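Architecture and fold: a report
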Amino acid sequence: MNITRAKEILKRQFGYDSFRMNQEQAIETVLQKNDCVVLMPTGGGKSLCYQIPALMLDGLTVVISPLIALMKDQVDALKNNGVEAAFLNSSQTSREQTEVFQAVRSGKLKLLYVAPERLLQTGDQFIDFLKSVSVSLFAIDEAHCISSWGHDFRPEYIQLGKLKRYFPDVPLIALTATADKLVRHDIVERLTIRNAALFVSSFNRPNIFYKIEQKRNSYPRLLEYLEPRRQESGIIYCLSRNSAESLAADLRDEGFDALPYHAGLDKETRDKNQSLFLKDEVKIIVATIAFGMGIDKSNVRFVVHMDLPKNIESYYQETGRAGRDGLQSEALLFFSWGDVNKLKGFAEVEGNKSQSEIMLKKLNTMGAFGDLKTCRRRFLLNYFSEDLIEDCGRCDNCNTVFERFDGTIIAQKALSAVARTGQRFGLSYLIDFLRGSQAKTIRDEHKNLKTYGIGVDVSKNNWFDYFKDLIAQGYLAQTEGTYPTIVLTDQSEAVLKGQTPVELFKVTIREDRKPSLVSPLEHEYLKDLFDELRLVRTAFAKAENVPPYVVFSDATLIEMATYLPNKEDEMRKISGVGDLKLQKYAADFLETIVDYCDRNNLTSRINLKTPKREPKKRTIRDGNGQTTYDVSLDMFKSGLSIPEIAESRGVAVSTVETHLVRFIPSGEVRLDDLVATDKIETIRNAITSLNAGFAIAPVKEFLGDNYSYGEIRAVLVTM
Ligand code: ADP
Ligand code: ZN
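Below you will find a few notes about this structure. (Residues numbered from 1 in each chain as written. Chains lettered and ligands numbered in written order. Predicted model: local features only at pLDDT ≥ 70, side-chain atom pairs only at ≥ 80, totals over all residues. Heavy atoms only, no water.)

1. Brief notes about the packing of aromatic side chains
- Per the stated rule, a full pass over the model turns up 23 aromatic pairs.
- Ring centres of F126 and F129 lie 6.0 Å apart, and the angle between their planes is 35 degrees; on these two criteria the pair is classed as tilted. Separated by three residues within a single helix, F126 and F129 lie in helix α7 (residues 125-132), roughly one turn from each other. F129 matches F126 in its accessibility class, with the two residues each being buried.
- Look at F369 and F379: their rings are 5.4 Å apart centre to centre, the planes differ by 45 degrees, and that puts the pair in the tilted class. (Phe/Tyr/Trp six-rings, centres within 6.5 Å; stacked < 30°, edge-to-face > 60°. Helix = DSSP H or I, 4+ residues; strand = E, 2+ residues; numbered from the N terminus. Buried < 20%, exposed > 50% of the residue type's maximum accessible area, 1.4 Å probe, protein only.)

2. Focus on the coordination of the zinc ion (ligand 2)
- At 2.3 to 2.4 Å from the zinc ion (ligand 2) lie its protein donor atoms, namely C375 (SG), C392 (SG), C395 (SG) and C398 (SG).
- Angles of 101 to 120 degrees at the metal separate the four donor atoms of the zinc ion (ligand 2), which places the site in the tetrahedral class.
- Here the donor residues for the zinc ion (ligand 2) map to a single chain with the spacing C-x16-C-x2-C-x2-C. (Donors = N, O, S within 2.8 Å, 3.2 Å for Na, K, Ca; no water. Tetrahedral: all angles 85-135°; square planar, octahedral: opposite > 155°, others 65-115°.)

3. Details of the sheet that holds strand β12 (residues 300-305)
- Strands sit in the order β8-β13-β12-β9-β11-β10 across an open sheet of six strands; the sheet is parallel. At either margin of the open sheet sits one strand with a lone partner, and together these are β8 (208-214) and β10 (258-261). Strand-to-strand, the axes of this sheet are offset by a mean angle of 15 degrees, without reference to chain direction.
- Where strand β9 (residues 233-237) meets strand β11 (residues 284-287), four bridges bridge the pair, whose relative direction is parallel. Considered in β11, the bridge of G234 is made with I284.
- Each of β8, β9, β11, β12 and β13 (329-335) touches helix α11 (residues 218-226); the most contacted strand, β13, lies at about 170 degrees to it. (Pairing = 2+ DSSP bridges. Axes fitted to C-alpha atoms, helices over the stretch in contact; angles between N-to-C directions. Contact = heavy atoms within 4.5 Å.)

4. Notes on the packing of helix α18 (residues 408-420) against helix α21 (residues 460-472)
- In the contact formed by α18 and α21, the axes pass within 11 Å of each other and the chain directions differ by 85 degrees. In terms of orientation, α18 and α21 fall into the roughly perpendicular class. Facing α18, whose interface residues are I410, A411, K413, A414, L415 and V418, α21 presents W463, Y466, F467 and L470. (Parallel < 35°, antiparallel > 145°, perpendicular 65-115°, else oblique.)

5. With respect to the sheet that holds strand β5 (residues 135-140)
- Spatially, seven strands are ordered β3-β4-β2-β5-β6-β1-β7 in an open sheet, and the strand pairing comes out parallel. The open sheet has two free edges, formed respectively by β3 (85-88) and β7 (197-200), since each of these has just one partner strand. Going across the sheet, the axis of each strand differs from the next one's by a mean of 20 degrees, ignoring polarity.
- Alignment of strand β1 (residues 36-39) against β7, held across four bridges, turns out to be parallel. Bridging across to β7, V37 finds its partner in L198.

6. Focus on the site of ligand 1
- By nearness alone, 14 residues border ligand 1, and Y16, G43, K46, S47 and R324 come closest of all.
- At 2.9 Å from a nitrogen atom of ligand 1 is found a main-chain nitrogen or oxygen belonging to S18.
- Taking R20, its side chain carries an N or O atom lying 3.2 Å from an oxygen atom of ligand 1.
- Protein coverage of the free-state accessible area of ligand 1, which is 570 Å², stands at 80%.
- Of the residues that constitute the shell around ligand 1, the class distribution is four nonpolar, seven polar and three charged. (Near = heavy atom within 4 Å. Polar contact = N/O pair within 3.5 Å; in protein donor to acceptor, adjacent residues only side chain to side chain. Areas by Shrake-Rupley, 256 points an atom, 1.4 Å probe, with all protein chains shown as cover. Nonpolar A, V, L, I, M, F, W, Y, C, P; charged D, E, K, R; others polar.)

7. Concerning the pattern of salt bridges
- Scanning the entire structure with this criterion turns up 40 salt bridges.
- The closest approach of N and O atoms between R537 and D554, which form a salt bridge, is 2.8 Å. On the criterion of sequence distance, the pair formed by R537 in helix α23 (residues 527-544) and D554 in helix α25 (residues 554-563) is long-range, its members being 17 residues apart. The burial state of R537 is the same as that of D554; both residues are buried.
- Members of the salt-bridge network, linked through shared partners, are K11, D17, E559 and K609. (Salt bridge = Lys/Arg side-chain N within 4 Å of Asp/Glu carboxyl O.)

8. Section: the packing of helix α14 (residues 312-319) against helix α16 (residues 353-371)
- The geometry of α14 relative to α16 is characterised by a closest axis approach of 8 Å and an angle of 55 degrees between their N-to-C directions. With respect to each other, α14 and α16 are oriented oblique. On α16, the residues touching I312, E313 and Y315 of α14 are K362, T365, M366 and F369.
- Class assignment for the residues of the contact of α14 with α16 results in four nonpolar, one polar and two charged.

9. So, the pairing of β5
- Of all six residues in β5, six are buried, a share of seventy percent or more.
- One ladder, built from five bridges, connects strand β2 (residues 60-64) with β5; its direction is parallel. Across the sheet, L60 pairs through a bridge with V135, a residue of β5.

10. Section: unusual backbone geometry
- With a phi close to 50 degrees, E142 is a non-glycine residue in the positive phi region.
- Here E142 shows up in the loop between β5 and α8 (155-158).
- For E142, a relative accessible area of 17% translates into the label buried.
- The residue T192 is not glycine, and still its phi comes out positive at about 50 degrees.

Shown next, in the form of structure tokens:
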């Protein structure tokens, strides 16, 4: 009964057809006047869990939120759905505050947002005031702030424990996007709501595509990445203020619409940049982690990490700012083990050994995530104690196509470049040489060689990968020392003479940028109509001085640009169009759509609008013909050990290791299949600290007999 009414309100007032995740259960609990704790990922829809009961219960719902900067937008958004709401915080004049008090007394107001310090001021004045009016519900947003285990502890939240004492009969709902069990426990204890029902939603963010690239030439790579995304909003995270500042400036020089945000900027500039971003007036924010808490922008299409986050929690939270509207979005991280080492210093908590250890462990897990060859989402969810039944099909590793191809010609080009230049040069030089670089560093006598420029058709990054592969396969080697050079090996000659074919890997990531895969919509939307609708929205947003999403979210506009509602009753079927918005905005949006349809000979497609569909199943790719490597791989997969394979094939153990190492990049063989886990870290540290590039010998010498060439090579290919 109650829920039927709640559903009506969901549609009429907010314009949505059905509840998400645990919204329905949470609402039901609150309506029965019981306490509850709601854990839902960012963008999951926590607000409706208290907003809908607020409308159904007699009296006032008090929302406690630490995000003063957000209160106005939240209240504007509610008002725009026809809900009577207000906020009280230090940013208001006393006159404005008096008006709010009057509105509360008059009983008109359904929701009041306050900061925690305001609620529990000395003398309990405000509490007394609340007692004099009728409070129906307390909602505590960002409830993890109450826990010192959390990443955002706020001492003033501790005081909220008193609420239950003052208002034992008023239900309390605590909401957070932090899944940690310790934090959860603290929330219940400190708010003294031990009988609270607990609703934990999945932390999966299915519409975010996770992607990691090696941190190498990351700036040009970033430009390449941003180019096709000029129309989209995104956040780029950097470790330091300086790099945020200079990256934003560089991007502006390249014609991108980017502004910096970090704690070193004065408050005015920071607020201005943030607000321009929220209003879609600037597309890209280049930020340190200071940016984000309280960013309620639903159409962030990508989040890029130029540097490694300190732990999985931060990564999840920062990438989680993408795609709150449910549309397809991306998270891209530039990863290197060098970053892990760099961050080790920061992980040290002075005078606290055990805390330092926890931080280091978290950092190493972050490193493992960067290095992962299997499904990223599975790993992430696992970290938060959740299981994914099958690989997601929506991360780089699930979408990586490893094509093994005949790389003989490429190998010959690389080897002859090494030979012709006298085996005296390093990797960068050779790649520049092969690509015919005009740089002054290339010696004049080399520019006359036949091999100069024969590799222009291969990108720098690909050359880098091919060299790495050639070294791993023993066709080339790298010397030790401060300036390691690439040299030929006893296997080189046969390749140069064309006696040995060479197989190389080509790695491509299939990106599915069509919204159809994950958007709730089954059909393609009309991009140009969407752009027109955005203009209409901007005009309303400007006139009302609110962020565009307060008018309609991107998801709502995309539905319009998909189903082409031509009449008011069709418009009502679009998700996000409630009664008030229908009244206020429908006419203008309808006019734009009808006009577009006339121009393009289209009619309404509203009858295509059906409930959600199942996500596509992933198809499995198959490989090429069998090579000697494949034979070893197949035997390995069938459960034989490396010595057994060696024995049965009549080859050396090290040969089998070499075969199998080749399948590490593709994830067909896992690093820990070949190297004991406790050895991996030691090998990795040795490689890093010796700074030996691709040279294996010095690492072997350093580590001694307990470590084989095969093990070192295996770790090397993951770095
Ligand atoms: P959170 O506070 O959990 O980060 P919000 O409450 O801000 O998330 O909701 C995120 C977005 O999802 C908002 O645009 C909201 O209007 C929308 N939303 C919430 N519940 C639903 C629903 N049941 N159906 C469709 N959209 C919803
Ligand atoms: Zn995956």
